[in-house]
Amino acid sequence: MNLVEDSDMGDAAENYDATQSSGNVSFNGTFDTGNGGLTGLVTKMRAGTPIVMTWILSGTKASGSAIGVTGTFTMDKFTRKTGKKDLVTFSATGKFSGVLVDASNL
Amino acid sequence: MAKGKGNLSAIYMQTSAASVTQSAIAMSRVGTTMWWKPTNPIMQYFDKAHTITVKDGGTTITTVQEISYAGGYVRLLTVPAGVVTVDAYVFACSQVGGFSAHNIDENMTLAECSCYEDGDGEQYEALQYSASGQASGFYSTVDAFLTMSKGANKDLTLTSNVLGDGSANDGVSATSFEIVVAGNNTALSVVVTVAAIVVNSATGVAGAATSTARDILDALNASPEAMALVKAKLATGSNGSGIPGALAHTHLSGGVNPAAFDKFGQDLIGVFYWDKGTALARTEGLVTFEKVSLKGGVKSLIEKTINFKVQGPLYDHSG
C-alpha cells in the first residue's frame, strides 16, 4: 500500500492517506510441457492478457465452503532454461492490477 | 509429473538468395490445435516482407489469427470447411547447427496506468513484447557426410572437413570414399588422390576381404591425407567388428551450399526444444545472433556461447 503524506501546516502529527496498493506474483520450478497452466502463463504473457487468480485459503473449491482471495495480474517475464543433461526449469513474474479481494463461496 | 529433460536446439538459415512465390501450399492441421503448417517441410520459411494469403477451399480467409514466419505456421480463428492452402513467398533453408543448452527470456513491458489517489490498486497494461536468450555449446551441421550401409557393425560415418567443397555448390562434396577389394593376400592401405579416398581392404588367400570397419577406421585415422579431408568414426550403433567388403565410389553429400553463408547474419530460424519425455515441445522464432564474428565462418562458432535476440514473437508447438 502506498501512503501519501497529507499533513497540513500546524498539525500536531504527520497524517498519511492510503492510496494505491501494489503487488507482485512470482512462480518458479520445473517446467512441464504438459502442464496447461504453465504453458498458459507464457501464452497469456505474449498476448498481454490479464490473468484472473484465485487463492483458496480454506475449504474446497466449488463446494460452497471455499474462502480465499481473488485478484488480476499481468505477466511481465517468463524465463525457461535447459541443457542436455538438465531439467527444464522456469521462472515467471507478474504485477497485480487493482486490489486483491477477500472472497468466499469460491 | 514426469521428469523434464533438456533437448537440443536447431538453427536454420536461408539458403536461397531471395524468396520465391509459391501458390497453394498444402497445409496440414497440427493435432487438434488451430494451427496449420505446410505439409512439405521445405516450405517452412515464409518471407515476412511479403503478404501471406490463407485460403479455405480456394477462398481467402480473413480470420487468420497469427502467422509464424519461422515455422510456416498459420493460426486460424475457426475450423475451415475445406482444404487449407497458403500463397506465400518462401525461402529455401537448411539447418546449420544447434546448441546443447539454452535459455530464453520473454518479457512484456508493462505501463502503469493508474491515476493518482484513485483509491484503487495500481493498474498495468501490457505494451510491448520482447525476447532474448543465450545458448551454449554450438555444434555445426553444415558439412557433407557419408554413412555407410553395409550392415551391423560394418559401417563408418565420414564427415567432410572442408566447407565449400563441391564445384556445383549443391551440397554434394568433391570428397569421395571407396573401398576396393582386389587381389589375394593383400594388405590394408589408404590412397588419397586429390579428394578421392580409396581404401584397399586387406584380403585373404582366396581374395575375400578381411579388414573390419575398425581396421579401416584405424587406417583412415593414420592417414594424414585422408584426415585432411574427413573426420571418420564408427557409425551410430556399430562396434566396428564387421567386415564391410567393397564400397562403390561415393561422394559425401548433405552439406550446406557454401554460397549461402553470406546470409548467415540475417534472420535465422531458432527451434528450441523442451522435452519432458512424453510430450516433446518446442519454441520457434526468428533469431539474430549478437556480437558474433562471422569472419571465420560458421565453424568458428563451434562450442561457443552465443547471445541472441528474437525478431518478433515466439510460438510454442508440440510434437
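This text follows the structure it describes.
What comes next concerns the included structure. Owing to the predicted nature of the structure, the values given are computational and were not obtained by experimental measurement. (Residues numbered from 1 in each chain as written. Chains lettered and ligands numbered in written order. Predicted model: local features only at pLDDT ≥ 70, side-chain atom pairs only at ≥ 80, totals over all residues.)

**As for the overall build of chain A**
If you tally the helices and strands in chain A, you get 1 helix and 6 strands. When the helices and strands of chain A are read in sequence order from the N terminus, they spell out β-β-β-α-β-β-β. Against the 2.2 N^0.38 benchmark of 13 Å for 106 residues, chain A shows a C-alpha radius of gyration of 19 Å, more extended than a compact globule. At a minimum sequence separation of 6, the contacts of chain A that also span at least 24 residues come to 47%. (Helix = DSSP H or I, 4+ residues; strand = E, 2+ residues; numbered from the N terminus. Rg over C-alpha atoms; globule rule 2.2 N^0.38 Å. Contact = placed C-beta atoms within 7 Å.)

**Focus: the environment of alanine 174 of chain B**
Mapped onto the secondary structure, alanine 174 of chain B falls in the loop between strand E15 (156-160) and strand E16 (176-180). With 76 residues separating them in the primary sequence, alanine 174 of chain B and threonine 250 of chain B have C-alpha atoms 9.9 Å apart.

**A word on the pairing of strand E6 (residues 89-104) of chain A**
Residue and element names in this part refer to chain A. In the sheet, strand E3 (residues 24-30) pairs with E6 via 7 bridges, with the strands oriented antiparallel. Bridging from a neighbouring strand, asparagine 24 pairs with lysine 95 of E6. Relative to E6, strand E5 (residues 67-83) runs antiparallel, the two sharing 13 bridges. Within E6, the position partnered with threonine 79 by the bridge is serine 91. The hairpin formed by E5 and E6 contains 5 residues between the paired strands. (Pairing = 2+ DSSP bridges.)

**What about the sheet that holds strand E19 (residues 230-234) of chain B?**
In a beta sheet, neighbouring strands are held together by backbone hydrogen bonds and run either parallel or antiparallel to one another. Residues and elements named next belong to chain B. Overall, antiparallel pairing links the 3 strands, which are arranged E14-E15-E19 in an open sheet. Pairing within the sheet leaves two strands with one partner each, and these edge strands are strand E14 (145-147) and E19. Taking the axes of each pair of neighbouring strands and ignoring which way they run, one obtains an average angle of 10° across the sheet. Where E15 lies against E19, 5 bridges are found, and the strand directions are antiparallel. From the neighbouring strand, leucine 156 faces E19, where its bridge partner is leucine 234. On the sheet, helix H1 (residues 213-221) packs against E15 and E19 and is oriented at approximately 155° with respect to E19. (Axes fitted to C-alpha atoms, helices over the stretch in contact; angles between N-to-C directions.)

**Comments concerning the sheet that holds strand E18 (residues 196-200) of chain B**
Residue and element names in this part refer to chain B. If you walk across this open sheet you meet the 4 strands as E17-E18-E16-E20, and the pairing is mixed. Because the sheet does not close on itself, it has two edges, and the strands there are strand E17 (189-193) and strand E20 (247-251). Pairs of neighbouring strands in the sheet enclose a mean axial angle of 15°, with direction left out of account.

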